[in-house]
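In case you want the letters, here they are:
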Amino acid sequence: MDFRSVLMGLAFALMWSSAFTSARMIVADAPPMTALAARFFISGLIGVAIAKAAGQSWHLTRAQWRSVVIFGLCQNALYLGLNFVAMQWVEASLAAIIASTMPLLVAVLGWVFLGQKVRPLGIAGLVAGVVGVTIIMGARLSGGVSMAGIVLCGLGALALAVATLTARGASSGGNVLMIVGLQMFVGAAVLAVVALIFERGQPVHWTPRLMWAFLYTTAVPGLFATWVWFRLVARIGAVRAATYHFLNPFFGVAVAAVLLGESLGPFDLIGVAIVAAGILAVQLSKQVATASATTAD
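Residues numbered from 1 in each chain as written. Predicted model: local features only at pLDDT ≥ 70, side-chain atom pairs only at ≥ 80, totals over all residues. Heavy atoms only, no water.

S.K.: Before we go on, may I ask you to explain helix α6 (residues 120-142) in this structure?
M.R.: Given 3.6 residues per turn, any residue in an α-helix points the same way as the ones three and four places further on. Here α6 spans 33 Å end to end across 23 residues, near enough to the 33 Å set by a 1.5 Å rise per residue. By the burial criterion, the buried members of α6 are Gly122, Gly125, Leu126, Gly129, Gly132, Ile136, Met137 and Arg140. Two residues or fewer past α6, Gly144 is found with a positive phi of approximately 85°. (Helix = DSSP H or I, 4+ residues; strand = E, 2+ residues; numbered from the N terminus. Expected span 1.5 Å × (residues − 1). Buried < 20%, exposed > 50% of the residue type's maximum accessible area, 1.4 Å probe, protein only.)

S.K.: Explain the environment of Leu73 to me, please; I cannot follow it from the model alone.
M.R.: Looking at the element boundaries, Leu73 is found in helix α3 (residues 62-86). A relative accessible area of 34% places Leu73 in the partly exposed class. Along the primary structure Leu73 and Val27 are separated by 46 residues, whereas in three dimensions their C-alpha atoms are 21 Å apart. Contact partners of Leu73, with chain neighbours within four places excluded, come to Leu78, Val186 and Val190. (Contact = heavy atoms within 4.5 Å.)

S.K.: Just to check I follow, could you spell out the packing of helix α4 (residues 92-99) against helix α12 (residues 248-260) for this structure?
M.R.: When two helices pack together, their arrangement is captured by the angle between the axes and the distance separating the axes. Running from N to C, α4 and α12 cross one another at 170°; their axes reach a closest spacing of 8 Å. Classified by the interaxial angle, the pair formed by α4 and α12 is roughly antiparallel. Taken together, the residues of α12 that come into contact with α4 (itself represented by Ala92, Ser93, Ala96 and Ile97) are Gly252, Val253, Ala256 and Leu260. Looking at the contact of α4 with α12 residue by residue, the class counts come to six nonpolar, two polar and no charged. (Axes fitted to C-alpha atoms, helices over the stretch in contact; angles between N-to-C directions. Parallel < 35°, antiparallel > 145°, perpendicular 65-115°, else oblique. Nonpolar A, V, L, I, M, F, W, Y, C, P; charged D, E, K, R; others polar.)

S.K.: I keep staring at the nonpolar core and nothing clicks. Help me out?
M.R.: Soluble globular proteins: nonpolar side chains tend toward being buried together. The biggest cluster of nonpolar side chains holds 83 residues, and the ones touching the most others in it are Phe20, Met87, Leu94 and Trp229. Ignoring anything within four residues of it in the chain, the contact list for Phe20 reads Tyr79, Asn83, Met87, Ala92, Ala95, Ala96 and Ala99. (Core = buried A, V, L, I, M, F, W, Y, C linked by side-chain atoms within 4.5 Å.)

S.K.: It is not clear to me how the packing of aromatic side chains should be interpreted in this structure. Could you clarify?
M.R.: Scanning the entire structure with this criterion turns up five aromatic pairs. Taken together, a centroid distance of 6.0 Å and an interplanar angle of 0° make the contact between Trp16 and Tyr79 stacked. With Trp16 in helix α1 (residues 3-27) and Tyr79 in helix α3, this residue pair connects regions lying 63 residues apart in the sequence. The rings of Phe12, Trp16, Tyr79 and Trp229 are connected pair by pair, giving a single aromatic cluster. (Phe/Tyr/Trp six-rings, centres within 6.5 Å; stacked < 30°, edge-to-face > 60°.)

Below, the structure is given as structure tokens:
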């Protein structure tokens, strides 16, 4: 077992999942697009500065530039932008659960558009994921949760799935931290335009909660977690790295419950367990398929 990879995967899952709670704190005191654009701009400056100090170059390969643009648009502008807006109306735990379905969406997109075969274990995982989400949504909808917020979170998860399919091109060829910083600038530019159009004149309440949440989100989930993800993909491959996403429902719900006091019902816990099992089944089926192909070669 690669113990370092395990630690990287666990750290990534915890940092990534905690972003939903800190985002919920931010949007309580600041316009979501304005705050997110500022976060990406600062993260980009830090990332590029550190990368240059480490001797990395912004002379990237064509595949890396393509990944920078797609990741900046899909992960930063769409996935996080839609989630920030949605968390004005939905709880952080629900946003984390919906976002955790990303590996299932990756499997579906790969099957439909890339012709990737899905083994029986993977099909069972997809079915389990749908069942788990249905259980959670049924319980939440009966409690009056915002449908608009759910739709925005779902669209964000779809955008993240598209971004994830480009991760292999971004993690090969070096300059990983430079890539992380540059894709932050892409997200910042897009969201700044959106903020100027829709959020001009909206007030910002400079509370200590906003300050600490903004600093944490900028440095930890925004910059460090993305860097860890790219390093993990480069170290063990996108398929094995994506296995750690099955921890996101648990970590996301747990952090929101501890820091925000969000209540969890029995159907939430059951649904989270089923979704996590489905994600794990899909990723394990991919590992089996990859091992079989290697053996055949």
